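Understanding the architecture of this molecule
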Amino acid sequence: MKRLDSKLARIRSGQYKRSDFIIADAKDGDMGPSLTSSGPHRQPDGTWNRYRTRAEFLDQITAIVQQDIVDIMLVSASNLELLNERDVFRNSAVKPAIRANDTTDIWRCRGAVYHNSVSRPFRSASLSHVMYGAAEPTPDRQIVGTDLGLYSITFNNDIDADVRSLEAFGEFRVDAVAHGFKYFLEVFNPNVETGIDPKVLPHYVNDVILRCLAGVTKAERPQFLKIAYNGPKALEELASFDPSLVVGVLGGGAGTTRDCFELLYQAERYGARVALFGRKINLAEDPLAMVAMMRQVADGTIAPAEAVKAYHGELQKQKIKPARSLDDDLVVTEAPLKAG
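Residues numbered from 1 in each chain as written. Predicted model: local features only at pLDDT ≥ 70, side-chain atom pairs only at ≥ 80, totals over all residues. Heavy atoms only, no water.

With respect to the overall build of the chain
We count it as follows: Under the scheme used here, helices are H or I runs from DSSP no shorter than 4 residues and strands are E runs no shorter than 2 residues, and both carry numbers assigned from the N terminus. In this setup the radius of gyration rests on C-alpha atoms only. A globule is expected at 2.2 Å times the number of residues raised to 0.38. The contact definition used throughout considers only heavy atoms, calling two residues in contact when any of these lie within 4.5 Å. Only the protein chains shown count as cover for residues, with accessible areas throughout obtained via the Shrake-Rupley method and a probe of 1.4 Å. Under the counting rule used here, the positive set is Lys and Arg, the negative set is Asp and Glu, and His together with the chain ends is not counted. Charge coordinates come from a single atom per side chain, which is NZ of Lys, CZ of Arg, CG of Asp or CD of Glu.
Along the backbone of the chain there are 13 helices and eight strands. Taken over C-alpha atoms, the radius of gyration comes to 19 Å for the chain, in line with the 20 Å a tight globule of 340 residues would show. With the principal axes as the frame, the chain shows a C-alpha extent of 50 × 50 × 50 Å. Counted over contacts in the chain with a minimum sequence separation of 6, partners at least 24 positions apart contribute 69%. Carbon and sulfur atoms make up 51% of the accessible area of the chain, which totals about 15,400 Å². The averaged location of the 44 negative side-chain charges in the chain is 3 Å from the averaged location of its 42 positive side-chain charges.

Written out as structure tokens, the structure reads:
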């Protein structure tokens, strides 16, 4: 049993404690921005002139898995295949997961404008290949990859586009049940102008999440949700509505180090039980030190501001130049966090 399974069991049984808060590292950016998602190859003085290679990116993932703090490592199907060739997850308590679909709103390639159009559903990963390494599963075949993935959907208050996305989601659920594949559901904020008042938008997102799951029985429901943090009121509304639906937040942009720790703190405080951070870890000066501090903030052993200071102390100890001064890194810059 992976650590994720026992944590989810305690959360669902009402026995949650802060050490059960689930942290995931989202290293699936090659399904969207592609090459640049590997992050900059930084020197100790903070300078860089190229992005990490795929091999260096896989080394980074391996190091975080071996650190054994995160509960989920989210990657692309192709990178999971290579990580499994290294036996990275064989004796690890960290659960591997793959991005099971790659809708057009995450296609943020250099020079591209795909993400400025209404999201269209698209799925390139084959569940059979992800799970069994073969085109078709057989009854005696053991799972060699993973049986967990992320499925994302974006609602835009556009009836034709939203129906297409819901139909694709339905087709995925049929495929997932047939394979015994579990998933968590990511619901992005709209990626185009919707005409909805910004103050109402967080509640629109809550409504469409619950609406799209209302006709979905237990056999097809997600393990948990991954949503943008739209402030304390919206998160608390969703998390308290149905305790059987475990709510998680996504990390969003890189932001300051305080933004990262503050998001964890507020998310847990207002009812989230999962955090999935990509850029906030990948773009950190020291991703391993960042993850270690994130765990302490989630556990409640250190406050966000003190965690920033401790993180800078670790950078100083390792002679790594921080991207920002301590004073600048202590500032909360992301609007939803200022409401908490």
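With respect to the nonpolar core
Convention followed: For the purposes of this section, nonpolar cores are sets of buried Ala, Val, Leu, Ile, Met, Phe, Trp, Tyr and Cys residues that join through side-chain atoms within 4.5 Å. Partly exposed residues are those whose accessible area sits between 20% and 50% of the maximum for their type, while under 20% is buried and over 50% is exposed, using a 1.4 Å probe and protein chains only.
Ranked by internal contacts, the top residues of the largest apolar core, which has 93 residues, are Leu-185 and Phe-261. Among the elements that take part in this core, helix α10 (residues 287-299) stands out by supplying seven residues, more than any other. When neighbours within four sequence positions are excluded, Phe-261 is seen to be in contact with Met-290, Met-293, Met-294, Val-297, Pro-304, Ala-307, Val-308 and Tyr-311.

Some words on the sheet that holds strand β4 (residues 148-154)
As a reminder of what qualifies: Two strands form a pair only when DSSP identifies at least two bridges running between them. A fitted line through C-alpha atoms represents every axis, and for helices the fit uses only the stretch in contact; the resulting angles, taken between N-to-C directions, go from 0 to 180 degrees.
Within the closed barrel, the eight strands sit side by side as β1-β2-β3-β4-β5-β6-β7-β8. Their pairing is parallel. Averaged over all pairs of adjacent strands, the angle between their axes in this sheet comes to 25 degrees, without regard to strand direction. Against the sheet, helix α1 (residues 3-12) makes contact with β1 (22-27), β2 (72-75), β3 (95-99) and β4, and its axis sits at roughly 135 degrees relative to β1, the strand it touches most.

Structural notes on helix α5 (residues 159-179)
Short version of the rule: To estimate the expected span of a helix, subtract one from its residue number and multiply by 1.5 Å. What qualifies as a polar contact is a pair of N or O atoms within 3.5 Å, subject to a donor-acceptor requirement within protein and to the restriction that residues adjacent in sequence count only when both atoms come from side chains.
For α5, built from 21 residues, the straight-helix expectation of 30 Å at 1.5 Å per residue is met to within 8% by its first-to-last C-alpha distance of 30 Å. By the burial criterion, the buried members of α5 are Ala-161, Asp-162, Ser-165, Ala-168, Phe-169, Gly-170, Phe-172, Arg-173, Ala-176 and His-179. Turning to α5, the residues buried within the fold contact α4 (127-132), β4, β5 (182-188) and α6 (201-213). Of the residues that open α5, the one with a side-chain oxygen 3.2 Å from the backbone nitrogen of Asp-160 is Asp-158. Just downstream of α5, Gly-180 is the residue with a positive phi angle, here 70 degrees.

Considering the packing of aromatic side chains
Cut-off, in case you're wondering: Any two rings among Phe, Tyr and Trp, with Trp reduced to its six-membered ring, count as a pair given centres within 6.5 Å; such a pair is stacked if its planes are under 30 degrees apart, edge-to-face if over 60, and tilted if neither. Any Lys NZ or Arg CZ that is within 6 Å of a ring centre and within 35 degrees of that ring's normal is treated as a charge sitting over the ring.
Tallying each qualifying case throughout the model produces eight aromatic pairs. One Lys or Arg, Arg-173, reaches over the ring of Phe-169 and ends 4.6 Å from the middle of that ring. Here the basic side chain of Arg-273 rests over the ring of Tyr-16, its NZ or CZ set 3.9 Å away from the ring centre.

Here we look at unusual backbone geometry
A positive phi is found at Asn-157, a non-glycine position, where the angle reads about 60 degrees. Within the chain, Lys-319 stands out as a residue other than glycine whose phi angle is a positive 60 degrees. In this structure, Lys-319 sits in the loop between α11 (304-317) and α12 (326-329). Taking the relative accessible area as the measure of exposure, Lys-319 reaches 72% and is therefore exposed.

Notes on the layout of surface pockets
Rule in force here: Definitions used throughout: a 1 Å grid over protein atoms alone; a cavity as a set of points that fits a 1.4 Å probe which cannot get out; a pocket as an open set with protein on both sides within 12 Å along at least five of seven lines; a lining residue as one with an atom within 4 Å of a point. Grid points are joined across faces, edges and corners, and a volume is the space filled by probe spheres set on the points. As a working rule, the residues Ala, Val, Leu, Ile, Met, Phe, Trp, Tyr, Cys and Pro are called nonpolar, Asp, Glu, Lys and Arg charged, and the rest polar, with Gly in that last group.
Each pocket or cavity is described by its volume, and for the largest pocket that value is around 830 Å³. Surrounding the largest pocket, 30 residues form its lining, Pro-33, Arg-108, Phe-188, Gly-252 and Arg-279 being those nearest its centre. Its residues placed into classes, the lining of the largest pocket shows 11 nonpolar, 11 polar and eight charged. Taken as a whole, the second largest pocket holds about 310 Å³ of empty space. Together, Lys-2, Asn-84, Asp-87, Phe-89, Arg-90, Lys-95, Pro-96, Ile-143, Val-144, Gly-145, Thr-146 and Asp-147 line the second largest pocket.

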